[in-house]
Every structure is written in C-alpha cells, then in structure tokens.
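Listed below are the residues making up each chain.
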Amino acid sequence: MTMSPTSNNSLAVTIDIEDWYHIPSVCGSPFSAYKGVEEFYNTWTERYDYLTEPTHRVLNLLNQFNIRATFFVVADVVNRYPGLVKSIVEQGHEIACHGLTHACKIDPATKQPLLSQEQFEIQTLHAKQILEKVSGDKIIGYRAPNALIGGWMIDSLERMGFRYDSSVSVNSLYNKTDSSLSGVSSYPYYPSHGGLEPSTLQRSIVEFPFAYYNLGAKIPTSGGPMLRFLGGRVVYQGIKQCLKRGDSIFYFHPIDISTESFPDVGNKRPFYWIVKGKLVEKRVRYILGKFKDRQTATLGELVKNSI
C-alpha cells in the first residue's frame, strides 16, 4: 500500500472490548495473577463486569460525534456479557477480533511464541466463528492481545481469511513484536512473509500500525494507556502528524473511562489504573472534537477500498 494524498487520509477510531481482568497483570501472561480467564472464572466469586456500563457510554459518545468505529472484541465477552456485543452491532459498528480470551501469544520479555502456530490458529478461528455468529458478518480484522504480535501470526491470519491486522506499534520506548520493524511508519502497509517489515509485494492482508509522535524520539500516541499517561494533547499532536503520512488510528478501551474502582488484583503493575474515568473521557472527547472535520472510516472500509 502507498500513502494517499494528505487531504484524503482517514482517521480510524478503534475500541478494544476487554475488561479489567483481561490485562496481563491479572490474566493470560507469564506474570499474571491467574494463568488465564478460565482459572479466573473458576475461582472468582465477586462481581467481574466493569465493562458493560462504560461500553454503553462509548456507544453514546460515538453517536454524538457521528462516528462508525471498529470494535476489537475479546470473543469470550460474547457469552460472559449477554447482549453487549449485539448492542455494538445494532448501532452499525464494525466487529473485529481481539483474540479468544486476550491471552498473550508471544512472551512480553523474550518475544518467543507461547503457543504453537497450530494452537494459535485453532483458538483464533474459534474466536472468529463466535464473533461472526453474533455480528452476522465476516470478521476480517484482528488486533493482538496486548499488541504483542509476531510475524508468524500475520501469516496464520492471512490463511484464516483475515484481511487486516492492527497491532504493530513503532516507537522509541518499546517493541512488542518479534521483528526489528525496520522501515515501518504509521501508515498501512503489506507486511513481509514471516515478518512485520514492509514488503513491496502485495498480499491479501494489510497492517494498520499505531500512531507515533516523532520529536526526534518516537512517542507512541495512538491512544490506549498512552492516552491515560501522556494526556490528550500529546496524543492529538501525534495523530495529527501521522495523518500527514497516511491513514491513522486512534484507540481506547471502555474501561479507560470507567468511573468505578477495579478489584485490587494483579502482579507487577500497581499504578496501571491510577489515571482513568472522567478525565480520560474528557481527553477522548477532546481528540474526537479536534478531528470532527476529518474523514473517518472503519478499518474494514479502508482495507476494502485499498486492496
């Protein structure tokens, strides 16, 4: 894919549908408090749903700004939160896959696979089928849980019929991939086979990488945790800069704007939720307001118009 003229570049607003216990300090990582969500559900006896209320607020917010977004949904949410994903579908948003249970697929430290390629494909196809049933449409998009992505996963996603991935974050602070990301910018591209670097060869899957703000060092500014820790103005400036290069992404989680206190569970990240709630919602509104005259599109629309 090539960069399009600046005036035609679109902003894709994307939402990750996961709850507080899906984060790696609680479930699904080598250092989490629980091995996975099944262990969590089998032992947790208190309330777990802190997702439904802020998700409905997100839907109302998107309606106010007349934005059709792409929702990356953890597939186990479909059964654990009856009717929630259906309400997203009914309001016309795109549904994409955020894994079966939000477990890490590569080790955050070593970037080595935590499961075989066959296991990854079995789990992801199952998630895809769950989401297709509730959405009534083909699921063509994927975002890796915790944005931990390996090049081998892209090849599997292509075989499974996915048309795009949106997981790669190029920045100077961290690399959550198993690749050097040499030559990757902030605009969509065709990844090389077996890796994540750009290829000159067209293929049937496209990568939509995250935004960054280039100040000499590249600061990650697509949203998510950086929206909570860096603030709305830095994220806005980064996305604004990226839109000069090509189509760009803004993302956040409904639980980012939750006003409730989450259960005090998790390893190694004691300050992860120190900033959230109304302050973050104000930042989301600030960014969407700044881009109110910018053309927006779902990632599905962008990829269908480009390939």
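In what follows, the accompanying structure is described. (Residues numbered from 1 in each chain as written. Predicted model: local features only at pLDDT ≥ 70, side-chain atom pairs only at ≥ 80, totals over all residues. Heavy atoms only, no water.)

## Remarks on the overall build of the protein
Reasoning step 1: Along its length, the protein carries 10 helices and 9 strands.
Reasoning step 2: The C-alpha radius of gyration of the protein comes to 18 Å, within 12% of the 19 Å expected for a compact globule of 307 residues.
Reasoning step 3: Each principal axis of the C-alpha distribution contributes one length, and for the protein these read about 55 × 40 × 40 Å.
Reasoning step 4: Burial analysis of the protein (307 residues in total) assigns 60% to the buried set.
Reasoning step 5: For the protein, contacts bridging at least 24 residues in sequence account for 72% of all contacts bridging at least 6.
Reasoning step 6: When the accessible area of the protein is evaluated, it comes to approximately 12800 Å², of which 49% is carbon and sulfur surface. (Helix = DSSP H or I, 4+ residues; strand = E, 2+ residues; numbered from the N terminus. Rg over C-alpha atoms; globule rule 2.2 N^0.38 Å. Buried < 20%, exposed > 50% of the residue type's maximum accessible area, 1.4 Å probe, protein only. Contact = heavy atoms within 4.5 Å. Areas by Shrake-Rupley, 256 points an atom, 1.4 Å probe, with all protein chains shown as cover.)

## A word on the layout of surface pockets
Reasoning step 1: Here the largest pocket defines a volume of roughly 590 Å³.
Reasoning step 2: Asn146, Lys176, Pro225, Arg269 and Tyr272 are, among the 35 residues lining the largest pocket, the residues nearest its centre.
Reasoning step 3: Considering every element that reaches the lining of the largest pocket, the biggest residue donor is helix α7 (residues 225–230), with 4 residues.
Reasoning step 4: Looking at the lining of the largest pocket, its residues break down into 18 nonpolar, 9 polar and 8 charged. (1 Å grid on protein atoms, 1.4 Å probe; cavity = no way out; pocket = protein on both sides within 12 Å on 5 of 7 lines; lining within 4 Å. Points joined across faces, edges and corners; volume = space filled by probe spheres on them. Nonpolar A, V, L, I, M, F, W, Y, C, P; charged D, E, K, R; others polar.)

Distances and angles like these do not, on their own, reveal function.
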